[in-house]
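# Tertiary structure, described
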Amino acid sequence: MSGATLLALSACTPAPTFVSPTSSSVGKTEAARKGSRATTRVALRAGTGTLDLAGTTAPTWSYGSIPSPIIRLKKGDALGATIENALPEPTSIHWHGVALRNDMDGVPNLTQKAIAAGSSFRYQFHAPHAGTYWFHPHVGTQLDRGLYGALIVEDPKEPLAYDDEWVVILDDWLDGVTATPPEVLADLSKGMGYMDDMGIRMGNMLMGAKSNVLGGDAGDVYYPHYLINGRPPADPETYASAPGKRVRIRLINAGGDTAFRVALAGHHLTVTHTEGFPVDPVEVDSVLLGMGERYDVIVAMGDGVFAFVAEAEGKQNRAFAVVRTSAGTTPPTTVIVPELSGRLATVDKLRAASDVALPTRSPDRELTIRLRGSMTTYNWSLDGRRFSHDNPMNDAHPISAGERVRVNFVNTTEMWHPMHLHGHTYQHSNGGPRKDTSIVLPGRTLSVDFDADNPGRWLTDCHNLYHGEAGMMGVLAYTN
Ligand SMILES: [Cu+2]
């Protein structure tokens, strides 16, 4: 294209102007969410600390405990969370999955200024939908330390019948043991070219982690530990219950580079929610969660002591906990759990419950986003443009309030990616589940629809933390 043609084109198509995170439309949308005057107040302090891994002490960063204590509020209530940054670098908190006001979404340079070391910030927002959410920083590789916790939004008119609840946060752990997350990113960024043999493990990189359900390469980072609620298999959590009780297990994958396949020995699981939104219940034996995904399952407790296992998919290792409903011996951490190879819940088997399915409507706008990059050069991107934290609005996709938007995530790479959209819960095509984070398999396209009802500037990012940081992020921005 000649310079003259470029000039002529730009003259007749003015660049769109975008809603800012603090614009009046953001405030109006927030005002309409108010379900009550109640505010749940919490104080978080992000600082240095340690994690005890069954006798090994790992220096790390956390909100005091790992995971952070569960934050609970009722649908329609507000959360008022102050965060004191006692870390040696800036931080922020992203409230993953919540359809909240844009200026509280926690993405530095896009929705707020990063919270400088030594300063504080107050997050204040209404949570309009019940569900299983979580929170984590959105700065660098901080998520792969101990900075995470569950955010549970309860429905005062909960239609699901159950006796008890167990929140299970899965994590892959290396910080302070084999490396720090920034060191891992630096290693990965050198690409595979730097490796001088094709061993199974080279430093922080793991070769040959394969999974059929993930379409090949399952992950690339070596983790020495896999945790359930901050505890390794050698020092497992025990969940005490009673035979016959119906327990709602809220599963959250807070990992950096690990999908987990979860099962409870001797039990079926009934999947009731994806990312907090109900689905038509499906009975399975195990559930697969990519990073950032959440599934709620109901279990009718048997009589005994049972292994609760989260296999690090393709990585020959596992996280482990114990479910105890009567006296008996604790099973070994290596116990064979047949349910892991039984019926596996994947999104194609799930349908949104009728009360949360989006009304049928053809899309007003269709965005095609190509996932690109490779392990060899570690140049992960969306559409070949690596995300810039300094200029996050570069290449933003314009959308308009009121539209039905279809996003086609086209995975041109040889690896799966858990793609997350901030501020919205889309629906998978053909009546699939409502979600905000979904596995996009290699060589495949995932189409999702959402209604543009939350003005602002919203990130869409790969929740493989290292892919995201390498540049696999982009922005959907509402126009004025
Ligand atoms: Cu990715």
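Remember, predicted model here, so these are calculated numbers, not experimental data.

Let us now look at helix α2 (residues 24-33). All of the buried residues in α2 are V26, T29, E30 and R33. Down the axis, α2 shows its buried residues gathered within 100° of arc, on one side only. Along α2, exposed side chains directed more than 90 degrees from the buried face belong to S24, K28 and A32. As for α2, its buried residues are in contact with β6 (120-126).

The next thing to look at is the coordination of the copper ion. Taken together, H417 (ND1), C462 (SG) and H467 (ND1) make up the full set of protein donors to the copper ion, lying 2.0 to 2.1 Å away. Considered as a linear motif, the donors of the copper ion on their single chain read H-x44-C-x4-H. Here C462 and H467 have matching classes, each one buried.

This brings us to the sheet that holds strand β15 (residues 238-240). Sheet strands line up and pair through hydrogen bonds in the backbone, either parallel or antiparallel. Ordered in space as β15-β23-β22-β17-β20-β24, the six strands form an open sheet in which the pairing is mixed. Of all strands in the sheet, those bounded by a partner on one side alone are β15 and β24 (344-345). Direction of pairing for strand β17 (residues 260-264) relative to strand β20 (residues 286-289): antiparallel, over a ladder of three bridges. Bridge pairing in β20 places R261 opposite L288.

Let's shift gears to the sheet that holds strand β35 (residues 473-478). A sheet is described by the order of its strands in space; here five strands give the open sequence β27-β35-β34-β29-β32, paired in mixed fashion. Edge positions in the sheet fall to β27 (397-399) and β32 (437-440), since each of these pairs with one other strand and no more. Between one strand and the next, the sheet's axes are offset by a mean angle of 25°, whatever the strand orientation. Direction of pairing for strand β29 (residues 417-421) relative to β32: antiparallel, over a ladder of four bridges. Note that in β32 the partner of M419 across the bridge is S438.

Okay, the UniProt feature "domain: Plastocyanin-like" (unreviewed entry) in the protein chain next. Residues annotated by UniProt as "domain: Plastocyanin-like" (unreviewed entry) correspond here to residues 58-157, 225-326 and 363-478. Secondary structure content for residues 58-157 is 0% helix and 42% strand, and the end C-alpha separation is 42 Å. For the annotated span residues 225-326, helix accounts for 0% and strand for 60% of the residues, and the straight-line distance between the end C-alpha atoms is 29 Å.

Domain parsing of the protein chain yields domain 1 (24-158), domain 2 (165-349) and domain 3 (365-478). Relative placement of domain 1 and domain 2: their C-alpha centres are 23 Å apart. Interface of domain 1 and domain 2: buried area, both sides summed, is about 2,500 Å²; carbon and sulfur atoms make up 61% of it. Summed over the shared surface of domain 1 and domain 2, the number is three salt bridges. A salt bridge links D175 to R145; the shortest N-O distance between them is 3.3 Å. If you look at where domain 1 meets domain 2, you find ten residue pairs in polar contact (both at pLDDT 80 or more). Looking at the side of domain 1 that touches domain 2, the elements that each hand over two or more residues are β1 (39-53), β2 (56-62), β3 (68-74), β7 (131-136) and β8 (149-154).

Moving on to the side chain of S211. Positionally, S211 belongs in strand β12 (residues 210-211). Polar side-chain contacts of S211 include one of 3.3 Å to the backbone nitrogen of V213. Among the polar contacts made by the side chain of S211, one reaches the side chain of E313 at a distance of 2.7 Å. For S211, the residues in contact, after removing those within four places along its chain, are G216, A218 and E313.

Within the largest apolar cluster, 122 residues are counted, with the highest numbers of intra-cluster contacts made by W95, L151 and F308. Top element by residues in this core is strand β9 (residues 164-173). It accounts for six residues.

All told, the structure shown has 28 salt bridges when counted by the stated rule. The salt bridge involving R250 is made with D296; its shortest N-O contact spans 3.5 Å. Within this pair, whereas R250 is found in strand β16 (residues 246-253), its partner D296 is found in strand β21 (residues 294-300), the two being separated by 46 residues in sequence. Take R250 and D296: they sit in the same class, and that class is buried. For E403, the salt bridge is made with R365, and the minimal N-O distance between the two is 2.8 Å. Of this pair, E403 sits in the loop between β27 and β28 (404-411) while R365 sits in strand β25 (residues 365-372), and the two are 38 residues apart along the sequence. In this structure R365 comes out as partly exposed when scored by relative accessible area, which is 23%. Linked by salt bridges that have partners in common, R72, K74, E154, E158, E165, R248, R250 and D296 make up one network.

Let us now look at the packing of aromatic side chains. In the structure shown here, the tally under the stated rule is ten aromatic pairs. With 5.3 Å between their ring centres and 40° between their planes, W95 and F135 make a pair best called tilted. Note that W95 is positioned in strand β5 (residues 94-96) and F135 in strand β7, a separation of 40 residues in sequence. Taken as a pair, W95 and F135 share a single burial class, namely buried.

The omega torsion across I66 and P67 is -10°, close enough to zero to call that bond cis. Within the secondary structure layout, P67 lies in the loop between β2 and β3. The phi dihedral of Q316 falls on the positive side, at around 55°, and the residue is not glycine. For Q316, the position within the fold is in the loop between β22 (305-312) and β23 (317-324).

Rules used throughout
- Residue indices begin from 1 for each chain and proceed along its sequence in written order.
- Per-residue local features are limited, in this predicted model, to residues with pLDDT of at least 70; the limit for side-chain atom pairs, both in listing and counting, is 80 or more; totals at the level of whole chains, interfaces and linings are taken over all residues.
- Side-chain descriptors were evaluated using all non-hydrogen atoms of the structure, hydrogens and water having been removed beforehand.
- Think of it in three bands: with a 1.4 Å probe and only protein chains considered, a residue is buried below 20% of the maximum accessible area for its type, exposed above 50%, and partly exposed in between.
- Numbered from the N terminus, helices here are DSSP runs of H or I no shorter than four residues, and strands are runs of E no shorter than two.
- What the arc describes is the spread of directions from the helix axis to the C-beta atoms.
- What makes two residues a contact is simply this: any of their non-hydrogen atoms within 4.5 Å.
- The donor set comprises N, O and S atoms within 2.8 Å of the metal, extended to 3.2 Å for Na, K and Ca; water molecules are omitted, so apparent gaps in a site may simply reflect that omission.
- At least two DSSP bridges between two strands are required for those strands to pair.
- Lines fitted to the C-alpha atoms define the axes, with helices restricted to the stretch that makes contact. Angles between their N-to-C directions range from 0 to 180 degrees.
- UniProt positions are given in the numbering used here, feature names are shortened, and annotations may be inferred rather than shown by experiment.
- Residue ranges assigned to the domains are those given by an automatic or database domain assignment.
- Take the accessible area each of two parts loses on contact, using a 1.4 Å probe, and add the two losses: that sum is the buried area.
- The salt bridge criterion pairs a side-chain nitrogen of Lys or Arg with a carboxyl oxygen of Asp or Glu, the two atoms within 4 Å.
- Within 3.5 Å is the distance limit for a polar contact, defined as a pair of N or O atoms, with the added protein rule that one can donate a hydrogen and the other accept it, and that residues adjacent in sequence qualify only through two side-chain atoms.
- Residues grouped as a nonpolar core are buried Ala, Val, Leu, Ile, Met, Phe, Trp, Tyr and Cys residues, joined through side-chain atoms within 4.5 Å.
- What counts as a ring pair is set by centres within 6.5 Å for rings of Phe, Tyr and Trp (its six-membered ring), and what kind of pair is set by the plane angle: stacked under 30 degrees, edge-to-face over 60, tilted for all other angles.

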